[in-house]
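Below are the chains, spelled out letter by letter.
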Amino acid sequence: MLRLLVLFLTLFIYGNASARKFTIGKNGTVVSIKDALKIAAEGDEIQLLPGIYAEGEIVIDKRIILSGTNESILDGGHSASVLLIRSNGVTIRGITIQNCGYSDIREFAGIRLENVNRCIIEGNKLFNNYFGIYLANSHHCRILNNRVEGLAKTETSSGNGIHLWKSEYNLLVGNHVSGHRDGIYFEFVKHSSVISNFSEKNLRYGLHFMFSDDDSYRYNIFRNNGSGVAVMYTRHVNMDHNRFEYNWGSAAYGLLLKEISYSRINNNIFFTNTTGLYMEGSNQTIVENNDFVKNGWGLRILGDCFDDTIRSNNFRGNTFDVATNAVRSMNVFNSNYWDQYSGYDLNHDRIGDVPYHPVSLYSKITEESPFALMLLHSFFVNLMDQAEKVVPTITPEAFKDDSPLMKPLRNDTY
Amino acid sequence: MIRIEKLNKAFGKLKVLNDVNLEFQKGRVISLIGPNGSGKTTLIKSILGLTIPDSGDILLNGKSILKDFHYRNSVGYMPQIGRYPEHMKIHQVFEMMKDLRSTQTLLDEEIIGEFGLNSLLEKRMGTLSGGTRQKVSASLAFLFNPLLLILDEPTAGLDPVATEHLKNKILKKKNEGALILITSHNMSEVEELADRVVFLVDGTIRFNLSVEEIKNDSGETRLGKALAKRLEGGVYA
Amino acid sequence: MRKVLKYVIYDVFRSKMLIGYTLLLFAMCSGMYYLGSGDSKTTVSLLHIVLLVVPLISIIFGTIHYYNSREFIELLMAQPIRRRRILLGEYFGITFSLSVALLIGLGVPIALWDFSESSLILLLVGVLLTFIFTALAFLASVRSADKARGIGSALLLWFYFSVIYDALVLWLLSSFSDYPLEKPVLILTAFNPIDLGRVMVLLKLDTSALMGYTGALYLDFFGSGAGILYSLALLLVWLILPLIFSVKIFAKKDM
């Protein structure tokens, strides 16, 4: 107590002239973070020495910097949120935050930001939290190079890795998220960017977008998540240079679009997903320069999609290139490369002289009677598809690429 | 030694054997003759157990052979056309047969030597001429000292020297007490070997007589002519 | 039976057709591994080969061998050997030889490139299909004295199981797609050994995810240890029934 008093006086005397720095820990200037927060002023830095700090929920309501090394561990003791940020301009840098509480009613998080602006969450390690980083009604924040690792077991008992709600102008760069329900979750988020993140092994989606217009996500890797990436009820989204891969399961998607319009999907790789790209109720969207490789279904486009353009993509090694339940196509396919195309090019303009029908007869049949999938890879089915390719009679006539490429494109992908 | 009782066999609507009754004693050579399709082969195959009769019985030394296979230990058979696993050598075929029959009886390899097969033992069956294959078939028929020998057109395809060896062997076996059934189209051969001639037409036995009886009846000294006369005369036809 | 078997094997092992079959399998499978990416896609390509080539070769080889050995079989029948043993000796001689060809032609590439559970199941399915389709070949052969008819009906059997059956199934499934088809789908699979083998291998591959609900249904049924035993038992039925019928017919057959 005496020591604290001495410190307090010292600080008081040397005054607010410039930002001060506290070190916290047994050998630091202050023992507990909460004490330091009491005495810290706006702009001060609180630095955590290596050690475990179990102080329950810590509320930061001043514009300070909280920093540390990865051995500086904030342990929430499974009670509530670990860090609750209620001030603008707070920086949390380089600390480990673990074991926040779990509640059915309240969404506790490792770092929870409420109604704040311009905060920076950088280089932290979040381990075994209900929600990892949670932004509620917070804007202009930057979430950079954090590692968010959950131990999610079921979808209902787990939260999201990085969760944004009603937040605008935020930037997420270089984070690694795994083991949560959704890796990254956006709901009512606008004008934000998700760049170079790595989201893997999450139970549901690697990235989940809802009602979030005018966002972009680029150069991310979404690997081996329950059902890939879902983008729903959104307009003006740009998705480019991402990798959607190894999302494999009976209902798994690389990228699932639902009610999307005026968006662009370009230069992505869809690799080894049950369904590479799934489009439902999407319109005015351009799918361009993507590589669809070794998926079960490369592209699955439902009958309620219209005015979409699918051009200059490569389709290679997919079991089914395109599947649809539509009878007529109201979307445009052109200048794609299809490795199952067997046409010719007499005038050597690198464009096949006969159109390609990417919807195989068998894929059409299975769309109507899914039990027909019991014949997958049977000799008869292969035979039937070959015959249909030579003389198309049943597959939807409008589903065709009039200018299929003879050679694959060298798309600029990540 | 062998008794055939009321043997009937039909292939579909075609009656191939029609109430055939026959009985032969040991130490005889019996010649089965008749036009093509007369039922000779079916009769032989019935005795061998290759064809299963519709009704009637075949008794060998008083025992029915129809539901038994052990009797074949004392049967030697030379088919009209013998075909063997192509990649097997001659000596392997002999060894295989010995192995398959797993017999303790003394082996009779005399005719193998007479046919000159000993120098060909390393040849593969697939490379042999028809005649040489017949020699192998004949050798196999005699190999296990059978009591009953069934030879289907035995001399067809054999060279004259081999034919002589075979005839001698047949007579020798007869003298040792074996019963020998031969089908043949060659009348001089029948005359030379047979004690009795059984003539089959459309599955029915037209006659079953000794060679002397046939000759005496017709007054001819040669069996071929005697037979021709008999058939033309329509005595039994 | 063992004695006959021994000599059949001795003979068949020297046949050009068997050597050709081994080399063909080896070339195709090595080619798949060499050119392919070595993942489950390669196994699927191998599955295509096994399901197409193995039944076809087994049924053709079985019938041709039977008819070419007719005189020899006749000679054997005139020996003091039970007929059943002759036929079973011929049968196991052929199936053993064809299985060895398969184990070399397919097994060696598998051992070299992809020694995994799914590949081993594929090999097992290949061996079982060899046994089943040779049994069907023998059934077709003993039923018909005429070689051309025998080979014709054997090819028809193959065509039925490879093409016609699946065409009928596809037609059924799409005609009745509004009805609950869970049970029919399982039952329909059991009635074709090729389909059964295909499902057994697919369930061991990640490709099964493509079968969606049907796949989940299969996985639920065939995926467990009991399911594997069940499908193996079904395949054995497919082997034993034609074999029993062949032996029965052969026992009363006139040569």
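Residues numbered from 1 in each chain as written. Chains lettered and ligands numbered in written order. Predicted model: local features only at pLDDT ≥ 70, side-chain atom pairs only at ≥ 80, totals over all residues. Heavy atoms only, no water.

**Overview of the overall build of chain B**
What counts here: Note on conventions: DSSP H or I runs of at least 4 residues are helices, E runs of at least 2 residues are strands, and numbering of each starts at the N terminus. Exposure classes here rest on a 1.4 Å probe applied to the protein chains alone. A residue is buried below 20% of its type maximum, exposed above 50%, and partly exposed in between. Contacts are residue-level and defined by heavy atoms, with any inter-residue pair within 4.5 Å sufficient. Only the protein chains shown count as cover for residues, with accessible areas throughout obtained via the Shrake-Rupley method and a probe of 1.4 Å. Note that His is not counted, nor are the chain ends; the positive residues are Lys and Arg, and the negative ones are Asp and Glu. Throughout, a charge is located at the NZ atom of Lys, the CZ atom of Arg, the CG atom of Asp or the CD atom of Glu.
Regarding its fold elements, chain B presents 8 helices and 10 strands. Principal-axis analysis of the C-alpha atoms gives chain B an extent of 55 × 40 × 35 Å. Taking all 237 residues of chain B together, 52% fall into the buried category. Sequence-distant contacts in chain B: of pairs separated by 6 or more residues, those separated by 24 or more amount to 69%. When the accessible area of chain B is evaluated, it comes to approximately 10,500 Å², of which 49% is carbon and sulfur surface. Taking the 32 positively charged and 29 negatively charged side chains of chain B as two groups, their mean positions are separated by 3 Å.

**Some words on the interface of chain B and chain C**
Selection criterion: Note on terms: buried area is the combined drop in 1.4 Å-probe accessible area of two parts once they are placed together, counting the loss on both. Put simply, a salt bridge is a Lys or Arg side-chain nitrogen that is within 4 Å of an Asp or Glu carboxyl oxygen. What qualifies as a polar contact is a pair of N or O atoms within 3.5 Å, subject to a donor-acceptor requirement within protein and to the restriction that residues adjacent in sequence count only when both atoms come from side chains.
Between chain B and chain C, the residue contacts involve 31 residues of the former and 26 residues of the latter. Interface area for chain B against chain C, summed over the two sides, is near 2,700 Å², with a carbon-plus-sulfur share of 59%. When the buried surface of chain B facing chain C is broken down by residue, Leu 50, His 87 and Leu 100 of chain B rank first, second and third, together holding 24% of it. For Lys 45 of chain B, the salt bridge is made with Glu 74 of chain C, and the minimal N-O distance between the two is 3.5 Å. The tally of links from chain B across to chain C stands at 14 residue pairs in polar contact (both at pLDDT 80 or more).

**Regarding the arrangement of the chains**
In this assembly, 2 pairs of chains are in contact, and the pair contributing the most contacts is chains A and C. Chain B makes no contact with chain A, the minimum C-alpha separation between the two being 36 Å.

**Digging into the sheet that holds strand E31 (residues 275-280) of chain A**
Residue and element names in this part refer to chain A. This is how it is decided: Strands are treated as partners if at least two bridges between them are detected by DSSP. Lines are fitted to the C-alpha atoms to define the axes, a helix being fitted only along its stretch in contact, and any angle between axes, read from their N-to-C directions, falls within 0 to 180 degrees.
In space, the 12 strands of this open sheet follow the order E4-E7-E10-E13-E16-E19-E22-E25-E28-E31-E34-E37, with parallel pairing throughout. Across the chains shown, the open sheet's two edge strands, defined by having one partner strand only, are strand E4 (58-60) and strand E37 (320-323). Looking at each pair of strands side by side, their axes are set apart by 10° on average, direction ignored. Its contacts with the sheet place helix H3 (residues 361-368) against strand E34 (297-301) and E37, and it is angled at close to 50° to E37.

**Re a nonpolar patch on the surface**
Residues and elements named next belong to chain C. Going by this rule: Here, patches come from residues exposed beyond 30% relative accessible area and free of salt bridges, joined within 9 Å for like charges and within 5 Å for nonpolar side chains (Val, Leu, Ile, Met, Phe, Trp, Tyr).
A cluster of nonpolar side chains, namely Phe 26, Tyr 34, Leu 35, Ile 104, Val 108, Leu 112 and Trp 113, defines an oily patch on the protein surface of about 790 Å² accessible area. Secondary-structure elements contributing two or more residues to the nonpolar patch are helix H2 (16-35) and helix H5 (83-113). Considering every element that reaches the nonpolar patch, the biggest residue donor is H5, with 4 residues. Looking at where Leu 112 falls in the secondary structure, it is placed in helix H5. You can call Leu 112 exposed: its relative accessible area is 59%.

**What about the layout of surface pockets?**
Keep this limit in mind: Cavity: a set of points on a 1 Å grid over the protein atoms alone where a 1.4 Å probe fits but cannot get out. Pocket: an open set with protein on both sides within 12 Å along at least five of seven lines, its lining residues, like those of a cavity, having an atom within 4 Å of a point. Grid points are joined across faces, edges and corners, and a volume is the space filled by probe spheres set on the points. Any residue that is not Ala, Val, Leu, Ile, Met, Phe, Trp, Tyr, Cys, Pro, Asp, Glu, Lys or Arg is counted as polar, Gly included; the first ten are nonpolar and the last four charged.
Size it by volume and the largest pocket reaches roughly 900 Å³. In terms of lining residues, the largest pocket is bounded by 38 residues, among which Asn 318, Thr 319 and His 377 of chain A together with Lys 41 and His 48 of chain C are the most central. Every element with two or more residues in the lining of the largest pocket is listed here: E37, H3 and helix H4 (379-390) of chain A together with helix H3 (40-68) of chain C. Among the elements that make up the lining of the largest pocket, the one with the highest residue count is H3 of chain C (6 residues). Residue classes in the lining of the largest pocket are distributed as 13 nonpolar, 17 polar and 8 charged. Volume-wise, the second largest pocket comes out at about 650 Å³. Ile 52, Leu 66 and Lys 67 of chain B together with Arg 83 and Ala 251 of chain C are, among the 20 residues lining the second largest pocket, the residues nearest its centre.

**Comments concerning the interface of chain A and chain C**
Of the residues lining the interface, 28 residues belong to chain A; the matching set on chain C comes to 35 residues. Both sides together, the interface formed by chain A and chain C hides about 2,600 Å², and carbon and sulfur atoms give 74% of it. Of all residues in chain A, Phe 371, Met 374 and His 377 of chain A bury the most surface against chain C, accounting for 32% of the area lost on that side. On inspection of chain A and its partner chain C, the count reaches 0 salt bridges. Where chain A meets chain C, there are 4 residue pairs in polar contact (both at pLDDT 80 or more). Within the residue set of the side of chain A that touches chain C, elements represented by two or more residues are H3 and H4 of chain A. Sort the elements by how many residues they give to the side of chain A that touches chain C and H4 of chain A lands first, with 5 residues.

**What to know about the environment of His 65 of chain C**
Residue and element names in this part refer to chain C. Position of His 65 relative to the elements: it lies in helix H3. Residue classification places His 65 among the buried positions, given a relative accessible area of 11%. Each C-alpha atom of the pair His 65 and Phe 138 lies 9.5 Å from the other, and the pair is 73 residues apart in sequence. In contact with His 65, not counting residues within four places along its chain, are Val 8, Val 12, Glu 90 and Ile 94.

**With respect to unusual backbone geometry**
All names here are of chain A. In this structure, Tyr 169 is a non-glycine residue whose phi angle is positive, near 55°. Secondary-structure assignment places Tyr 169 in the loop between strand E16 (162-165) and strand E17 (171-173). Since its relative accessible area comes to 41%, Tyr 169 is described here as partly exposed. The residue His 236 is not glycine, and still its phi comes out positive at about 55°. Within the secondary structure, His 236 is located in the loop between strand E25 (229-235) and strand E26 (238-240). Since its relative accessible area comes to 39%, His 236 is described here as partly exposed.

**What about the side chain of Thr 22 of chain C?**
Residues and elements named next belong to chain C. Inspection of the secondary structure assignment puts Thr 22 in helix H2. Reaching out from Thr 22, the side chain makes a polar contact with the backbone oxygen of Leu 18 at a distance of 2.8 Å. Beyond its immediate stretch of four places on either side in the chain, Thr 22 contacts Ala 101, Ile 104 and Gly 105.

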